[in-house]
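Tertiary structure, described
If you want the building blocks of each chain, they are given just below.
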Amino acid sequence: MAGRRLRQQQQQQWDELLTFQHFQTTSLSGHNYGYDQGGMRALIEGEFGRLRGITYLDHAGTTLFPQSLLTSFMDDLTKNIYGNPHSQHISSKLTYDTIEHVRYRVLEHFNTTSEDYSVIFTSGSTAALRLVAEAFPWRSASYGSQGSRFCYLTDSHTSVVGIRKVTQALQVSSMSVKPEDILLSEKSNGAVYEPACKTPHLFCYPAQSNFSGTRYPLSWIKRLKSGSLSPMTTPGEWFVLLDAASYVSTSPLDLAAHPADFIPISFYKIFGFPTGLGALLVNNRVTHLLRKTYFGGGTAAAYLAGEDFYVPRESVSERFEDGTISFLDIIALKHGFDVLERLTGGMENIKQHTFALVHYTYTVLVSLQYPNGAPVIQIYSDTEFNNPETQGPIINFNVLDDNGDIIGYSQIEKMASLHNIHVRTGCFCNTGACQRHLKISNETIKKNLQAGHICGDDIDIIDGHPTGSVRISFGYMSTFEDAQTFLKFIIATRLGKADSRLPFPMTSGKTAAISVEPVGRDTRVNRNEPGKFLQEDVLLQAGLNNSSVTVKSMDLHPPETEPGGGQHIAPLVSTAALDGGFPPLTITNIFIYPIKSCAALEVTKWPIGNQGLLYDRNWMVVNHNGICLSQKQEPRLCLIKPLIDLKQKIMVITAEGMESIAVPLDENSGEEYQICQSKVCTDRVNTYDCGEKISHWLSKFFGRHCRLIKQSSDFNRSANKKHRKDPSHATTASLSLVNEAQYLLINRASVLELHQLLNASDENRREELLSMRELIQRFRANIVINGTKAFEEEKWDEISIGTLNFLVLGPCHRCQMICIDQQTGERNQDVFQTLSSTRERKVNFGIYLMHEPSDSSSTYFLSVGSQLLPVSKDTKLSLPSS
């Protein structure tokens, strides 16, 4: 009773923390939530309806564009003709004048004019940084002179640090400076200022850290330029490169008050659209110092093709904008400024709105504790989130368990995705800040690389230490409900009991809400029902493409012969298989998945092809852009049920509420197909389109344009690419459209252990959370075995099944798909969360297998009841079968 009363009290405290009233009380005076132009709900419904059911918290990565921006931009394009600005006709003149107007608008946004600054359009802030690196008037070190210096804050984006490769080629020294060192220098006034020395040095620092949201003093700009502050004790003249890309996404930047020499920006950070467009704002006081080597179209006043003669244009913008700039995207900026001003009233309002949200979220996060008093969250920050001048709308953190150990960011990201919460994880292209806050040494970074960890992967823990963290960030359209949903997610997954249902709606759009009753086993094998096929009968009658092929079956229970000479196969899965009543180390279930991410086809006997089980994952559904769909984006894929008829050489596809449709198994069926190239897990694959009929069928089912494509039979996707880091796994085997390997094997004992943990997670539950069969389906294995201890399979190095040898490639790292009910398409987080919390946070389940193609012309079968002989990794000796 006391424990229940304590949980009730905790729940009441959490409920109070998540109320709008509590949010209002935590908002500091003067930091307003929302905009005078209208309520947040109206803003979301009118401009960001596509966010329905989604909590987007990666605005530091990119903010989202409002619908009216696209509408007004497209209206502009349909009513006007914009020609190449380098031409002289009327439509070109319109383009040129509009671009110049946008330049003025950009300068106005930053409270300056063309008298003080020039705007050079680039492809983004990275291109702007590179332009500075290549055009800055560096002086190489020479006898009696130390030359120029490039100095940058360690809390800098990768694109800033990359400048040092340019300076290195010019024999110019580079040095990183820790934030605490320059802050100390600021207090001590330890600058070395010699007015007579004009050696140019460049110092770069971010106005806002893209890692932690820390806002560094803009007052440094004038102090650096006046000589009262210096990042290092080297005489010379310091120029300031202010990386403002992250800062200007949610705050006004006043260049009249803070006149940096160079300011790179990316416009998608501010408007969400267009992408691939940025600018370098250059103080006109320094434009004459910039040097340029290459010259492209539109930059020359005059030049000769046969003689080294070139005169650049006078305007710095025209000098550095090589070729035809992205003029339509630049025109879109005008609409971006107009819409942003109309919706929010300006950047100051955005600054106050986003800070109110980040301050509230921070105060709740730091208050969360486990029953033992241990904190739930470790936040990486240099501030206490009490002033928008020093802290932006970014929270960087890791989640802790009740022992104080960090839970890997990859697991948190996967859990968040189950709640439709979009966060960013890793080191965010800012290794310096990541090292500083997570206390990662240079040597550890190098060791982690040797261990296989690279920037952007999901290897989150190495030797017990984190390699990165989680970041959430707010934008101008973020709402209190976004903060609330995120906090509910943290509380539910770390402090609350696991629930079979998510605490908030998970559906995205109308189609995701449809629930389909599972098809019964008896209807699935009823050969008298149209569109239903008993797989073994069809298989054995088919002759497998060629009547002369010799069949070698590894079935321990050969098919009986029916009267009349027909083949008779036992029921699809026997009672013994379901109850685990087979002899030790035997195959109890076999599944194939003809269409990637669609429903399984369970069989008792199936042929082995060159890429694994015949026709396993040979097809995939793609969207209108040709991108493969998975259940992570479209859970209803599991409701598409493919059935293969080898006799008629067709695949029959069924779904609730749809008429069945047939697709030929092979491309040489007499129909014409369009050949195309697709991508599966970074691998290029040759495929062909399965036609308009099935495309229409899929599009009708999903409510959006989809197509079905199949891997070309003559295309070899090498398995070596997936496992090239381990020379011992070199193979000539090929893959179908699988992610990692030809086969996936799971162990019933491992499933049973997880099953018991799931049903023990809530002592008040009246019914079991999932049946064993439902849980097996979640893991989408090809082979299910019985007869060994839980997770014993992870110790194996090889497996023999009859005369076939299989190499164990390693464990299967699980994603959010195991949280999708394969009968209904509905999601819940229990399976993933339980697996994550009980297996040392490594969400591994099952092992990958690969077999070498046989030289024999015989066709081999895999059968339920076949025995396995594993070989241990440690001993390389055969394990006992009991």
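Structure first, text after, so check above.
It should be emphasised that the depicted structure is a prediction, and the values quoted were computed from it without experimental measurement.

Check the secondary structure of the protein chain and you find 25 helices and 41 strands. Out of the 882 residues belonging to the protein chain, those deemed buried represent 54%. A fraction of 72% describes how many contacts in the protein chain between residues 6 or more apart in sequence connect residues 24 or more apart. If you sum the accessible surface of the protein chain, you get close to 39500 Å²; carbon and sulfur atoms cover 50% of it.

Along helix H3 (residues 40-47), the residues that are buried comprise Met-40, Leu-43, Ile-44 and Glu-47. End-on view of H3: buried residues confined to an arc of 100 degrees, all on one side of the axis. Relative to its buried face, H3 has exposed residues pointing more than 90 degrees away, namely Arg-41, Ala-42, Glu-45 and Gly-46. Taken together, the buried residues of H3 touch helix H4 (67-79), helix H13 (327-344) and helix H14 (347-367).

For Thr-838, the position within the fold is in helix H25 (residues 830-838). Residues Thr-838 and Leu-757 lie 81 residues apart in sequence; the distance between their C-alpha atoms is 8.7 Å.

As summarised here, the arrangement of the 3 strands in space is E27-E28-E29, forming an open sheet in which the pairing is antiparallel. The sheet terminates laterally at strand E27 (641-645) and strand E29 (658-664), the two strands that pair on one side only. Across the sheet, the mean angle from the axis of one strand to that of its neighbour is 25 degrees, orientation sign disregarded. Of the pairings in the sheet, the one linking E27 to strand E28 (residues 650-655) comprises 5 bridges and is antiparallel in character. Bridging across to E28, Lys-641 finds its partner in Thr-654. With respect to the sheet, helix H22 (residues 692-702) is in contact with E28 and E29, its orientation differing from that of E29 by roughly 145 degrees.

A cis amide bond, omega 0 degrees, links Phe-273 with the succeeding residue Pro-274. In this structure, Pro-274 sits in the loop between helix H11 (268-271) and strand E8 (278-283). A positive phi angle, close to 60 degrees, is found at Gln-171, a residue other than glycine. Tracing the sequence through the fold places Gln-171 in the loop between helix H8 (163-169) and strand E4 (173-177). For Gln-171, a relative accessible area of 58% puts it in the exposed group. Although it is not a glycine, Asn-420 sits at a positive phi angle of roughly 60 degrees. For Asn-420, the position within the fold is in the loop between helix H15 (409-418) and strand E14 (421-422).

It is worth spelling out the pattern of salt bridges at this point. Tallying each qualifying case throughout the model produces 22 salt bridges. Note that Arg-105 and Asp-338 form a salt bridge whose closest N and O atoms lie 2.8 Å from each other. Here Arg-105, found in helix H5 (residues 90-109), pairs with Asp-338, found in helix H13; they are 233 residues apart in sequence, far enough to count as distant. Residue Lys-795 pairs with Glu-792 through a salt bridge whose shortest N-O separation is 3.6 Å.

The geometry of H14 relative to helix H18 (residues 480-494) is characterised by a closest axis approach of 10 Å and an angle of 20 degrees between their N-to-C directions. Between H14 and H18, the crossing angle belongs to the class labelled roughly parallel. Remark: the crossing between H14 and H18 carries right-handed chirality. Counting all contacts with H14, which are made through Leu-357, Tyr-360, Thr-361, Val-364 and Leu-365, the residues of H18 involved are Phe-480, Ala-483, Phe-486, Leu-487 and Ile-490. Looking at the contact of H14 with H18 residue by residue, the classes come out as 9 nonpolar, 1 polar and no charged.

Conventions adopted
Residues numbered from 1 in each chain as written. Predicted model: local features only at pLDDT ≥ 70, side-chain atom pairs only at ≥ 80, totals over all residues. Heavy atoms only, no water. Helix = DSSP H or I, 4+ residues; strand = E, 2+ residues; numbered from the N terminus. Buried < 20%, exposed > 50% of the residue type's maximum accessible area, 1.4 Å probe, protein only. Contact = heavy atoms within 4.5 Å. Areas by Shrake-Rupley, 256 points an atom, 1.4 Å probe, with all protein chains shown as cover. Arc of directions from axis to C-beta. Pairing = 2+ DSSP bridges. Axes fitted to C-alpha atoms, helices over the stretch in contact; angles between N-to-C directions. Salt bridge = Lys/Arg side-chain N within 4 Å of Asp/Glu carboxyl O. Parallel < 35°, antiparallel > 145°, perpendicular 65-115°, else oblique. Left-handed = near helix turned anticlockwise from the far one by under 90°. Nonpolar A, V, L, I, M, F, W, Y, C, P; charged D, E, K, R; others polar.

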